[in-house]
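Descriptive analysis of the structure
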Amino acid sequence: PGTTRPHLAGEPELRGELARHLGRLRGVSATPSGVLVVGGFAQALTLLCAVLPALGITELAVEDPCHPGQRRFVRDNGVRVVPVPVDDEGIDVDALGATSARAVLVTPAHQFPTGSVLSAGRRDALVRWARSVDGWIVEDDYDGGLWYDGRSPGPLALQRLAPERVVYAGTASKVLDPGLRLGWLAAPDELLHRLLHVRARHDLGTEAFTQLALAELLRSGLFDRHLRRLSQRCAVRRRALEEAVRIHLPGATVRGPAAGLHASVRLPEGTDEAALVAGALRRGVLVRGGTAFGAARTRAEPALVVGHAHLPRTGIAEAFHAIGAGFSRPGPGSGRR
Ligand SMILES: Cc1ncc(COP(=O)(O)O)c(C=O)c1O
């Protein structure tokens, strides 16, 4: 890049490579000029929260449960948060339709944190909803097609069903490194223009060397190779996790497909989630209970959310040994609160 400033929308080399890569890997429908490079999903969300009010939108529906930091982030950026429940098919679109929200933030490929995949029927319904309210869908594809579930092919991006209604957002945080602060958006022209306008008031673009390095990784095929290797490593960890759950948490099940860097574990009904989490922490293992992710912080269904990004296979077995030391399978009749 020499001594010039980065391009506000991103380096042309990277926008071109991303348009190709996202089209091929995720089915995203975008031209290079429809791609905007940002400082991670966090910046994408900041920019969107600044643009939505200009479109007459002051509320953003979010999945419940979701990343608690995102709820806070949206609220702190001046947009009202409307939680909408999630089940094994992803977000409940009927419940969304009953709210007054005209924009929604979803994780369709691999819901965070439950791991559910937005079903084909719900995808169609979500697009119909967006059209009927003249609204927007923000697709947070945070784990970037990291899919190693041999039983099924990974789902493609929701954006391809309605590129005129969906803002697709990706990040390098899971598949490369969160320290890079690198992310990307694909958005319809009018919205992209508004996002750029807001961005010009925030910063003067994303650091250029990192962008060019990612462009080269994509161009050379090294990124594909990295994804394949990462998937293989994750598949080994997932198998270890499933085995550890079987041994140390009898009656619990790992939810959702083998994808991403975390797994959600559904605990048997009647399990004291808070006690299990506190006991694990006393034994030196930090694990979150499902309650930590719910909007109301009350959940009928006990669960654990386990990040396995930094754990070797043996670390997973050790961690579950420590978690399971505080677990006794609830007897029949120990129902919900
Ligand atoms: C649901 C979800 N979306 C997005 C991100 C990534 O955000 P960023 O790109 O700002 O690091 C994360 C965390 O890494 C996440 O858990």
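Counting from 1, residues in each chain are numbered in the order their sequence is written. Reporting of local features is limited, given that this is a predicted model, to residues whose pLDDT is at least 70; pairs of side-chain atoms are given and counted only at 80 or more, and all residues count toward the totals for whole chains, interfaces and linings. Hydrogens and waters are ignored; side-chain quantities use all the structure's heavy atoms.

Things to note about the pattern of salt bridges
Should a side-chain nitrogen of Lys or Arg be within 4 Å of a carboxyl oxygen of Asp or Glu, the pair is scored as a salt bridge. Evaluation of the coordinates by the stated rule reveals 16 salt bridges. Residues Glu242 and Arg238 are paired through a salt bridge, measuring 2.8 Å at the closest nitrogen-oxygen approach. Taken as a pair, Glu242 and Arg238 lie in helix H8 (residues 222-248) at a separation of four residues, close to a single helical turn. Classification of residues uses two cut-offs on accessible area relative to the type maximum, computed with a 1.4 Å probe and protein chains only: under 20% is buried, over 50% is exposed, and between them is partly exposed. The exposure class assigned to Arg238 is buried, which follows from its relative accessible area of 4%. Note that Arg255 and Glu301 form a salt bridge whose closest N and O atoms lie 3.7 Å from each other. With Arg255 in strand E9 (residues 253-255) and Glu301 in the loop between strand E11 (288-289) and strand E12 (303-307), the pair connects residues that are 46 residues apart, well separated along the chain. Residue class for Arg255 comes out buried when judged on its relative accessible area of 10%. One salt-bridge network, held together by shared partners, links Asp88, Arg255, Arg266 and Glu301. Helix numbers and strand numbers start at the N terminus; a helix is a DSSP run of H or I with at least 4 residues, a strand a run of E with at least 2.

Looking at the pairing of E12
Of all five residues in E12, four are buried, a share of seventy percent or more. When DSSP finds two or more bridges between a pair of strands, those strands are recorded as paired. Here strand E10 (residues 262-266) pairs with E12 via five bridges, running antiparallel. Residue pairing for E12: Val265 is matched across the bridge by Leu304. The pairing of E11 with E12 spans two bridges and is antiparallel. Residue pairing in the sheet places Arg288 in a bridge with Val305 of E12.

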